[in-house]
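Inside the fold
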Amino acid sequence: MTTHATETDAIRKTVSVPLPVEKAFSLFTSGIDTWWPFESHSIGGDKTASAVFDVEAKRLYERDADGSEHDWADIVAWEPPSRFLLNWRVNPSRPETELEVRFSPEGGATRVELEHRGWEKCGPEDRSSYDEGWDVVLGKLVDAA
Amino acid sequence: MDALGDGTRRLILERLRGGPRAVGELAAELPVTRPAVSQHLRVLKEAGLVTERRNGTRRLYRVDTDGLAEVRDYLESFWTDVLAAFEAAAEAEAEKEDE
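Read on for a plain summary of the structure.

What counts and how
- Residues numbered from 1 in each chain as written.
- Chains lettered and ligands numbered in written order.
- Predicted model: local features only at pLDDT ≥ 70, side-chain atom pairs only at ≥ 80, totals over all residues.
- Heavy atoms only, no water.
- Pairing = 2+ DSSP bridges.
- Helix = DSSP H or I, 4+ residues; strand = E, 2+ residues; numbered from the N terminus.
- Axes fitted to C-alpha atoms, helices over the stretch in contact; angles between N-to-C directions.
- Patch = residues over 30% accessible without salt bridge, like charges linked within 9 Å, V, L, I, M, F, W, Y side chains within 5 Å.
- Areas by Shrake-Rupley, 256 points an atom, 1.4 Å probe, with all protein chains shown as cover.
- Salt bridge = Lys/Arg side-chain N within 4 Å of Asp/Glu carboxyl O.
- Lys, Arg positive; Asp, Glu negative; His and termini not counted.
- Charge placed at Lys NZ, Arg CZ, Asp CG, Glu CD.
- Buried < 20%, exposed > 50% of the residue type's maximum accessible area, 1.4 Å probe, protein only.
- Phe/Tyr/Trp six-rings, centres within 6.5 Å; stacked < 30°, edge-to-face > 60°.
- Lys NZ or Arg CZ within 6 Å of the ring centre and 35° of its normal.
- Polar contact = N/O pair within 3.5 Å; in protein donor to acceptor, adjacent residues only side chain to side chain.
- Contact = heavy atoms within 4.5 Å.
- Arc of directions from axis to C-beta.
- Parallel < 35°, antiparallel > 145°, perpendicular 65-115°, else oblique.
- Nonpolar A, V, L, I, M, F, W, Y, C, P; charged D, E, K, R; others polar.

Moving on to the sheet that holds strand β5 (residues 83-88) of chain A. All names here are of chain A. Taken together, the 7 strands give an open sheet; going across it, the order is β1-β7-β6-β5-β4-β3-β2, and neighbouring strands pair in antiparallel fashion. Strands at the two margins of the open sheet, each flanked by one partner only, are β1 (11-17) and β2 (48-54). Pairs of neighbouring strands in the sheet enclose a mean axial angle of 20°, with direction left out of account. Sheet analysis places β2 next to strand β3 (residues 59-64), joined by 6 bridges and oriented antiparallel. Residue pairing across strands places T48 opposite D64, the latter belonging to β3.

This is how it looks when you write it as structure tokens:
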């Protein structure tokens, strides 16, 4: 495999958690407020109060303490408790990248596989602004191709 | 700065993702003139998206993979952090249920 191919492969992460698959799925989604690292991984930073998977509106967004909302993604596929697929569009003027999270039973536990595809569309031109937060990472950064 | 806002520049970058190319090769593959390709390459170079290297008498352009690797590293650690937080919460939840 060439360096080029490796560098543009999808990003894949896996963890196993000691919960049945239904519980793992609901903790990840409707329970996201209880665990997502908002301070470091949100647009509002420490102002971010919560994140909402609005399945009916097919939308995932964060809500900040001052009531403002910022879109994170469109919900493209919603198949509890096995999988969901999102189009990240933190900045609507930029192209989207795909995030898929799959939940599969592993005995009484659950294997959670996360795959971020299309990230290579991200433009390295923004690399100097990494510290500005998630907004840059998944929104502004995704400005290529 | 909007190095990629232009459709032709995106096409050029896509071609370069397939491997290094000279200006003439890009011009032959795309519906733009050679001077236009040069102009676009200059913008992409200034944006740190492509690098240029001499190969004999030819100048070859390629995607700046250092930049890509940096983006990849960043996202890798981003998702590692998120999943670690999820794992910790799931373990806490499981313990609560055991009680």
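Taken together, the side chains of E91, E95, D98 and E99 of chain B define an acidic patch exposed on the protein surface. By relative accessible area, which is 67% here, D98 of chain B ends up exposed.

The next subject is the pairing of strand β4 (residues 69-79) of chain A. Residues and elements named next belong to chain A. Bridging between β3 and β4 involves 5 bridges; their strand directions are antiparallel. Within β4, the residue paired with L60 across the bridge is A73. Taking the residues that link successive antiparallel strands as the turn, the β3-β4 hairpin has 4 residues, and the phi of G67 there is positive, at about 90°. Taking the residues between adjacent antiparallel strands as the criterion, β4 and β5 are bridged by 3 residues.

Quick look at the packing of aromatic side chains now. All names here are of chain A. All chains considered together, the criterion is met by 17 aromatic pairs over all chains. Ring geometry for F28 against F84: centres 5.8 Å apart, planes inclined by 55°, an arrangement best described as tilted. Of the two residues, F28 is situated in helix α2 (residues 21-28) and F84 in strand β5; the sequence distance between them amounts to 56 residues. Of the two residues examined, F28 and F84, each falls in the buried class. Just above the ring of Y61 sits the side chain of R59; from NZ or CZ to the centre is 3.9 Å.

Below, the discussion takes up the side chain of R83 of chain A. Residues and elements named next belong to chain A. Residue position: R83 is located in strand β5. Among the polar contacts made by the side chain of R83, one reaches the side chain of E79 at a distance of 2.7 Å. A polar side-chain atom of R83 sits 2.5 Å from a polar atom in the side chain of E100. Excluding residues within four positions of it along the chain, R83 makes contact with F25, A77, W78, E100, V101, R102 and F103.

The next subject is the sheet that holds strand β2 (residues 50-55) of chain B. All names here are of chain B. If you walk across this open sheet you meet the 3 strands as β1-β3-β2, and the pairing is antiparallel. Looking at the sheet topology across the chains shown, the edges are occupied by β1 (21-22) and β2. Bridging between β1 and strand β3 (residues 58-63) involves 2 bridges; their strand directions are antiparallel. Residue R21 lies in a different strand from β3, and its bridge partner there is Y61. Its contacts with the sheet place helix α1 (residues 7-17) against β1, β2 and β3, and it is angled at close to 95° to β3.

Looking only at α2 of chain A, the buried set comprises V21, A24, F25, L27 and F28 of chain A. The buried side chains of α2 of chain A occupy one side of the element, clustering within an arc of 165° when seen end-on.

The subject of this paragraph is the packing of α1 of chain B against helix α3 (residues 34-46) of chain B. Helix-helix packing: each pair is described by the crossing angle between the helix axes and the interaxial distance. All names here are of chain B. Running from N to C, α1 and α3 point in directions that differ by 80°, and their axes come no closer than 10 Å. The angle between α1 and α3 falls in the class roughly perpendicular. Where α1 abuts α3, its residues T8, R9, I12 and L16 lie against V37, H40, L41, V43 and L44. Taken together, the residues that form the contact of α1 with α3 break down as 6 nonpolar, 2 polar and 1 charged.

These figures capture arrangement, not role.
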